[in-house]
Amino acid sequence: MDILNELGKIGSAKQALAVFEKQMDTAQLGRISSISHPEILKRIANAVVICNPEKIFINTGSEADRQFIRDLALETGEERSLAMENHTIHFDLPGEQGRIVDRTFYIANPEDLISSLANRMNRETALEDIRANMTDIMKGKTMVVGFYMRGPVGARVSNPALEITSSAYVSHSADILYRNAFADFDKEVAARGHFFTNVHSEGLNRTKDLPDARVFMDLQYQTTYSFKCTYAGNTLLLKKGNHRFAVDKAVHKNRGEELSEHMFITGIRGPENRVTWFAGAAPSGCGKTTTAMAGDLFVGDDLAQMWIADDGSIRCVNPEAGIFGIVEDVNQEGDPLLMKVLRQPGYEVIWSNVLIDENNIPHWVGNLEPSPEKGINFQGEWHFGKTDDTGKPIPMSHPNSRCTLRSTNLENYCPDAENPDGVLTRIFTYSGRDADTMPPVWVARDSDQGVVIGACIVSAATATEVGASGVKRAPWANAPFIPGALGDYMDAQFRFFGNTKIQEQFQPVMAGLNYFLTDKARGGSTSKLLGEKKDVKVWLAWLERYAHKEAGHIQTPIGNLPLYRDLAPLFDKIIDKPYPKDLYDRQFSLYVDHIIARIELQEAAYAKEKNIPGRLFEILAHQKEALQALKQTKGPVILPGDMES
Ligand SMILES: Nc1nc2c(ncn2[C@@H]2O[C@H](COP(=O)(O)OP(=O)(O)OP(=O)(O)O)[C@@H](O)[C@H]2O)c(=O)[nH]1
Ligand SMILES: O=C([O-])CC(=O)C(=O)O
Ligand SMILES: [Mn+2]
């Protein structure tokens, strides 16, 4: 039972056109007449019948249409203009500053396998919930219908998607973050035989309705429903809602041929201007945007879809075309390129949940600029020292406050982002907020070990999920978006990276990265990090040299570590920074007991899941044994130099 059709009852293109004739003016009717695929027309018409908007706007992606949407966002009050031209501020309700994981559900039939990490709701219950909450929800509002491609038009893994919303902020964001493909949509859908549908309404946008807010994903009908919320991670379901559909497709339809990951995509220029492409996973709030911006050629900062091309190489495209990025700690020192877009005129930016001062200038925590004493932020009026009900100081900006901007505005933007053949990707990284165990970089000896690095990411909680805390396992940084069984997803990883179609010269280099190791965990007394943001450039440069066999390594049970003599010159050349040997020793010593505890944590957790490939347990057991043997001869803390052969 397709809920959209069950509630809207529009079963044919003819009925759909009758709905449009009743509800649209001639200008909009003219626009929709260029769409002929009956399924597209039916889905839009059903959404119209259910939500009952006062007006409908078909967004063709023209400059005039973009302006209409910008103006609408100001008119509805969802956005407000700031001092800088083309900058606006949007606030989400204080109680909805991140993804509402507890109110996010997969719509499931009894026989569907849904990830043990996700919520499910049976189809009948979801139907009633959607009926109760979405009927007439757009009364008095304008419904904006947008037609997008998630990925370059023509790319093998791109997916067409509709964004139907009463929120001008959501459609404004969609137009910045995705490729408007009104002109190609009909043709792309006909060629590919599928598209995703997203229906959203913020409703009355009141705190008291937040308990009723929902995010639903219907895998069977590739449709999302979202209501009574505004935060883009909950409402702009072109992003994480459709990412879940893309993951499902990679795991269940094209296993071993395709992947859909929570990864940045960036290129590093190596010696003689050669370009080496990276894609890397990190959980929300753990460094994807930062790493993508540290690269010389930016393609994406949050999502990557990849496939094995006919030449035997791995290709990546970004389903998105912009950044919805965290602003906390973004500053001139660590992020000069982002700061240019945020602080200099000439760019379009939607800010969310930062502090706006009396001169209409945004401010945020960690910007290293002088801060105002007061202003308006995510919880209303704010002044320095203001506390919440429990007496805790309220920060100037919410830790998950973000900026929305187009990739093409970035100085390191690479036009290959639009290449339907993708970028030929050699290096894959996995990272999380790991304060005390893993070194800044280590490389798997083969693709199976690389898959295990991804499986074993752990990370401290961040502000992107409402109510999350503690250190958690974060498999591939993608677990929140894996609809089905984790074992199937892992199997897809082994099959993809181990696919014999991948040519020798294109074999993936798979590595762990950790930017968050602390002084305290390495014998110091402070909780300061043992590195800084700009060091990221060096870790990437070292991996680039390693991939081209221009850097040596130390073999260890967890994988290959860099040599001091390769790193020190890179620190000097790339970021002009001394790199003392004792810092290297602290960063790259193996704390064997910690690592073994991590392995045992993963063994125990995966033992509880069904159908986990045996390869994972073999590799973990082997690493543990080798670490124990090494400890016998070298002790529990082993300097990198003591492992050089
Ligand atoms: N000190 C330090 N902080 C970092 C580093 N990388 C990221 N951060 C901080 O971590 C926070 C989140 O980093 P992002 O790069 O925005 O995280 P993300 O993975 O893109 O997050 P999502 O957009 O939620 O998926 C920001 O406040 C960064 O300043 C690093 O290498 N060193
Ligand atoms: O989806 C969001 O809310 C923002 C984001 O990138 C993430 O959480 O990974
Ligand atoms: Mn993300």
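Residues numbered from 1 in each chain as written. Chains lettered and ligands numbered in written order. Predicted model: local features only at pLDDT ≥ 70, side-chain atom pairs only at ≥ 80, totals over all residues. Heavy atoms only, no water.

In the nomenclature of an unreviewed UniProt entry, the protein chain corresponds to Phosphoenolpyruvate carboxykinase [GTP] from the organism Desulfotignum phosphitoxidans DSM 13687. Under the UniProt heading Subunit (unreviewed entry), the note attached to the protein chain is "Monomer." (UniProt positions renumbered as here; feature names shortened; annotations may be inferred.)

A. A look at the nonpolar core. Core analysis: the biggest nonpolar cluster contains 113 residues, and Met306, Phe428, Tyr430 and Phe497 have the highest contact counts within it. With nine residues, helix 15 (residues 536-547) is the largest single contributor of residues to this core. Split by domain, this core shows at least three residues from each of two domains, domain 2 (258-320 + 414-643) and domain 3 (324-408). (Core = buried A, V, L, I, M, F, W, Y, C linked by side-chain atoms within 4.5 Å. Buried < 20%, exposed > 50% of the residue type's maximum accessible area, 1.4 Å probe, protein only. Helix = DSSP H or I, 4+ residues; strand = E, 2+ residues; numbered from the N terminus. Domains from an automatic or database assignment.)

B. Structural detail: the domain arrangement of the protein chain. If you check the domain split of the protein chain, you get domain 1 (3-78 + 93-253), domain 2 (258-320 + 414-643) and domain 3 (324-408). Each of domain 1 and domain 3 was reduced to a C-alpha centroid, and the two centroids are 29 Å apart. Both sides together, the interface formed by domain 1 and domain 3 hides about 1,200 Å², and carbon and sulfur atoms give 56% of it. When the buried surface of domain 1 facing domain 3 is broken down by residue, Gln97, Ile176 and Tyr231 rank first, second and third, together holding 49% of it. The tally of links between domain 1 and domain 3 comes to one salt bridge. A salt bridge links Glu348 to Arg70; the shortest N-O distance between them is 2.8 Å. For the pair domain 1 and domain 3, the number of links is seven residue pairs in polar contact (both at pLDDT 80 or more). Elements with a minimum of two residues in the side of domain 1 that touches domain 3: helix 5 (63-75), helix 7 (168-177) and helix 9 (232-235). Here the side of domain 1 that touches domain 3 takes six residues from helix 7, the largest share from any one element. Of the residues that constitute the side of domain 1 that touches domain 3, the class distribution is six nonpolar, five polar and four charged. (Buried area = accessible area lost by both parts, 1.4 Å probe. Salt bridge = Lys/Arg side-chain N within 4 Å of Asp/Glu carboxyl O. Polar contact = N/O pair within 3.5 Å; in protein donor to acceptor, adjacent residues only side chain to side chain. Nonpolar A, V, L, I, M, F, W, Y, C, P; charged D, E, K, R; others polar.)

C. Up close: the sheet that holds strand 19 (residues 349-352). The strand order across the open sheet formed by five strands is 2-3-19-24-18, and the pairing between neighbours is mixed. With partners counted over all chains shown, the strands left at the sheet margins are strand 2 (80-81) and strand 18 (322-326), one partner each. Running at roughly 90° to strand 24 (residues 402-406), helix 12 (residues 336-343) makes contact with strand 3 (87-90), strand 18, strand 19 and strand 24 of the sheet. (Pairing = 2+ DSSP bridges. Contact = heavy atoms within 4.5 Å. Axes fitted to C-alpha atoms, helices over the stretch in contact; angles between N-to-C directions.)

D. Expanded view of the coordination of the manganese ion (ligand 3). Coordination of the manganese ion (ligand 3) by the protein is provided by His262 (NE2) and Asp302 (OD), with metal-donor distances spanning 2.0 to 2.3 Å. With His262 in the loop between strand 12 (258-261) and strand 13 (263-269) and Asp302 in the loop between strand 15 (297-300) and strand 16 (304-308), the pair connects residues that are 40 residues apart, well separated along the chain. A residue is classified by how much of its surface remains accessible, and His262, at 1% relative accessible area, is buried. (Donors = N, O, S within 2.8 Å, 3.2 Å for Na, K, Ca; no water.)

E. Main features of the site of ligand 2. The environment of ligand 2 is formed by Arg99, Tyr231, Gly233, Lys239, Lys240, His262, Ser284, Asp302, Arg402 and Thr464. Contact between ligand 2 and Tyr231: an oxygen atom at 2.7 Å from a side-chain N or O atom of the residue. Measuring from an oxygen atom of ligand 2, one finds a side-chain N or O atom of His262 at 3.0 Å. When ligand 2 is considered free in solution it has 260 Å² of accessible area, and contact with the protein chains removes 99% of it. Class assignment for the residues of the shell around ligand 2 results in one nonpolar, four polar and five charged. Here the shell around ligand 2 gathers at least three residues from each of two domains, domain 1 (3-78 + 93-253) and domain 2 (258-320 + 414-643). (Near = heavy atom within 4 Å. Areas by Shrake-Rupley, 256 points an atom, 1.4 Å probe, with all protein chains shown as cover.)

F. Representation of the pairing of strand 9 (residues 196-201) in the model. Most of strand 9 is tucked away, with six of its six residues classed as buried. Across the two faces of strand 9 the burial is the same, with Phe196, Asn198 and His200 and Thr197, Val199 and Ser201 all buried. In this structure, strand 7 (residues 159-165) lies alongside strand 9, joined through five bridges in parallel fashion. Pairing of Leu162 across the sheet is with Thr197, part of strand 9. Direction of pairing for strand 9 relative to strand 11 (residues 223-227): parallel, over a ladder of five bridges. Bridge assignment links Asn198 to a residue of strand 11, and that residue is Thr224.

G. View of the packing of aromatic side chains. Under the defined criterion, the tally for this structure stands at 22 aromatic pairs. Ring centres of Phe147 and Phe185 lie 5.4 Å apart, and the angle between their planes is 75°; on these two criteria the pair is classed as edge-to-face. Residue Phe147 is located in strand 6 (residues 142-150), and its partner Phe185 is located in helix 8 (residues 182-192); the two are separated by 38 residues in the primary sequence. The exposure class of Phe147 is buried, given its relative accessible area of 0%. (Phe/Tyr/Trp six-rings, centres within 6.5 Å; stacked < 30°, edge-to-face > 60°.)

H. Structural view of the site of ligand 1. In the vicinity of ligand 1 lie 21 residues, with Gly285, Lys288, Thr290, Glu328 and Arg402 positioned nearest. The contact in question runs from an oxygen atom of ligand 1 to an N or O atom on the backbone of Cys286, over 3.3 Å. Here an oxygen atom of ligand 1 sits 3.0 Å away from a polar atom, N or O, in the side chain of Asp302. Bound to the protein, ligand 1 loses 91% of the 660 Å² it would expose on its own. No other element matches helix 11 (residues 288-294), which puts three residues into the shell around ligand 1. Looking at the shell around ligand 1 residue by residue, the classes come out as seven nonpolar, seven polar and seven charged. Residue-level mapping places the shell around ligand 1 at the junction of two domains, with at least three residues from each of domain 2 (258-320 + 414-643) and domain 3 (324-408).

I. Structural view of unusual backbone geometry. Positive phi is not limited to glycine here, since Asn52 has a value of about 55°. Unusually for a residue other than glycine, Gln222 sits at a positive phi of about 45°. Tracing the backbone through its elements, the reader meets Gln222 in the loop between strand 10 (214-218) and strand 11.

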